[in-house]
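One-letter residues, chain by chain:
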Amino acid sequence: MAGRCHVILIGPQGSGKGTQATRIAAPLGLVHVATGDLFRQLMTRDDPLAREVRSYYDRGELVPDDVTLRVLLERLDELERELPSYRGALLDGYPRNRAQAEALDRVLRDRNDTIAAVVHLAVPRAVLIERLSGRLICPQCGATYHRTFAPPRVEGQCDQCGAPLVQRSDDTPEAIARRLDTYEQHTAPLLEYYRERGLVIDIDGNRPIDEVTRTIVSALEPVLADPSRCRSS
Ligand code: ADP
Ligand code: ADP
Ligand code: ZN
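Quick summary incoming for the structure in this document.

Rules of the game
- Residues numbered from 1 in each chain as written.
- Chains lettered and ligands numbered in written order.
- Predicted model: local features only at pLDDT ≥ 70, side-chain atom pairs only at ≥ 80, totals over all residues.
- Heavy atoms only, no water.
- Donors = N, O, S within 2.8 Å, 3.2 Å for Na, K, Ca; no water.
- Tetrahedral: all angles 85-135°; square planar, octahedral: opposite > 155°, others 65-115°.
- Helix = DSSP H or I, 4+ residues; strand = E, 2+ residues; numbered from the N terminus.
- Near = heavy atom within 4 Å.
- Polar contact = N/O pair within 3.5 Å; in protein donor to acceptor, adjacent residues only side chain to side chain.
- Areas by Shrake-Rupley, 256 points an atom, 1.4 Å probe, with all protein chains shown as cover.
- Salt bridge = Lys/Arg side-chain N within 4 Å of Asp/Glu carboxyl O.
- Buried < 20%, exposed > 50% of the residue type's maximum accessible area, 1.4 Å probe, protein only.
- Nonpolar A, V, L, I, M, F, W, Y, C, P; charged D, E, K, R; others polar.
- Pairing = 2+ DSSP bridges.
- Axes fitted to C-alpha atoms, helices over the stretch in contact; angles between N-to-C directions.
- Contact = heavy atoms within 4.5 Å.

## Details of the coordination of the zinc ion (ligand 3)
Then, number 1: Protein-derived coordination of the zinc ion (ligand 3) comes from Cys-138 (SG), Cys-141 (SG), Cys-158 (SG) and Cys-161 (SG), at a distance range of 2.3 to 2.4 Å.
Then, number 2: Around the zinc ion (ligand 3) sit 4 donor atoms; with metal-centred angles ranging over 100 to 120 degrees, the donor geometry is tetrahedral.
Then, number 3: Positions of the donor residues of the zinc ion (ligand 3), expressed as sequence spacing, correspond to C-x2-C-x16-C-x2-C. Here Cys-161 lies in the loop between strand 6 (144-146) and helix 7 (173-187) and Cys-141 lies in the loop between strand 5 (135-137) and strand 6, a separation of 20 residues in the sequence.

Right, here's the structure in full:
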């Protein structure tokens, strides 16, 4: 069986990973897999695992690597069962540190899957803070909005499903600052790890949403069609 061909999105909190992933995944034949979304879904339960995740999540700290990898693998296995024709995952929020990147390489090797590209979304810190403090999300379908930059058609209501929009519990000034510091310290260095393998595509994320979408799609299309990068194409 041909292996899956995954794409990793890397960028700081607020760079637009979620926003772009929802727009580009389907046209590229990829499925958006966001570990943060998987955790938010998991935390709607009330069991020991959900409580453990919440204790890290609400402080803006990373959930332990073993728990995170388990949750990610469960989702990838579920996709194999439910969507046998999918090309690969568009990974958003994983990996976030060296140990996670190495674990990912190991599990992908075992599955006979590859990483086709790593898309790096760059945005200056002042812009990120402005974006995150105005972010609104739909707790029902996961859609993302912004009070000023991407408002819903009806104030406070999701365009997709009509549910009332909320602010994320970790979009507070303290948790935002902590997450951005963690990104700089542990996640940004992964770009070097992938750059050495020639996988990184740098994108200027400080432009209007549609423009960023067009740039990413034009950059990824040839990569996903290249059999030396992507065996499953
Ligand atoms: P990430 O997943 O990288 O944390 P999001 O996609 O959630 O980022 O975007 C963060 C916030 O910024 C959201 O409120 C979103 O609506 C807004 N946003 C995303 N991309 C842009 C952009 N290009 N210009 C202006 N605002 C944006
Ligand atoms: P952000 O990019 O703003 O941190 P996410 O929705 O991607 O938001 O993640 C929210 C929270 O979920 C993180 O602060 C962290 O607690 C947890 N999380 C998500 N992905 C990972 C990961 N790869 N490793 C550890 N924790 C994670
Ligand atoms: Zn919704």
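And the narrative resumes.
## Regarding the site of ligand 1
Then, number 1: Taken together, 19 residues form the shell around ligand 1, and within it Lys-17, Thr-19, Arg-135, Tyr-145 and Arg-207 come nearest.
Then, number 2: Between ligand 1 and Ser-15, the relevant distance is 3.4 Å, taken from an oxygen atom to a main-chain nitrogen or oxygen of the residue.
Then, number 3: The contact in question runs from an oxygen atom of ligand 1 to an N or O atom on the backbone of Tyr-145, over 2.7 Å.
Then, number 4: Alone, ligand 1 offers 560 Å² of accessible surface; in the complex the protein occludes 92% of this.
Then, number 5: If you list the elements that add at least two residues to the shell around ligand 1, you get helix 1 (17-24) and strand 6.

## Overview of the pattern of salt bridges
Then, number 1: The tally for this structure, following the rule as stated, stands at 21 salt bridges.
Then, number 2: Measuring nitrogen to oxygen at the nearest pair gives 2.8 Å for the salt bridge that ties Asp-210 to Arg-23. Highlighted residues: Asp-210 in helix 9 (residues 209-225) and Arg-23 in helix 1, separated in sequence by 187 residues.
Then, number 3: Residue classification places Asp-210 among the partly exposed residues on the basis of a relative accessible area of 43%.
Then, number 4: The exposure class of Arg-23 is partly exposed, given its relative accessible area of 36%.
Then, number 5: Its salt-bridge partner being Asp-202, residue Arg-195 comes within 2.8 Å of it at the nearest N-O pair.

## Some points on the site of ligand 2
Then, number 1: Residues in contact with ligand 2 amount to 18 residues; listed here are only the nearest, Thr-35, Glu-61, Gly-93, Arg-96 and Arg-179.
Then, number 2: Interatomic distance of 2.5 Å between a side-chain N/O atom of Arg-96 and an oxygen atom of ligand 2.
Then, number 3: Contact between ligand 2 and Gln-100: a nitrogen atom at 2.9 Å from a side-chain N or O atom of the residue.
Then, number 4: Out of a free accessible area of 540 Å², ligand 2 has 96% covered by protein chains.
Then, number 5: Per-element accounting of the shell around ligand 2 gives the leading share, 4 residues, to helix 2 (residues 35-42).
Then, number 6: Per-class residue counts for the shell around ligand 2 are 5 nonpolar, 6 polar and 7 charged.

## Section: the sheet that holds strand 1 (residues 5-10)
Then, number 1: Strand order in the open sheet formed by 5 strands is 2-3-1-4-7, with parallel pairing between adjacent strands. Pairing within the sheet leaves two strands with one partner each, and these edge strands are strand 2 (30-34) and strand 7 (200-204). Going across the sheet, the axis of each strand differs from the next one's by a mean of 20 degrees, ignoring polarity.
Then, number 2: Docked against the sheet, helix 4 (residues 65-82) engages strand 2 and strand 3 (88-92), running at close to 155 degrees with respect to strand 2.
Then, number 3: Helix-sheet contacts for helix 9 involve strand 1, strand 2, strand 4 (114-122) and strand 7, and the interaxial angle to strand 4 is about 160 degrees.

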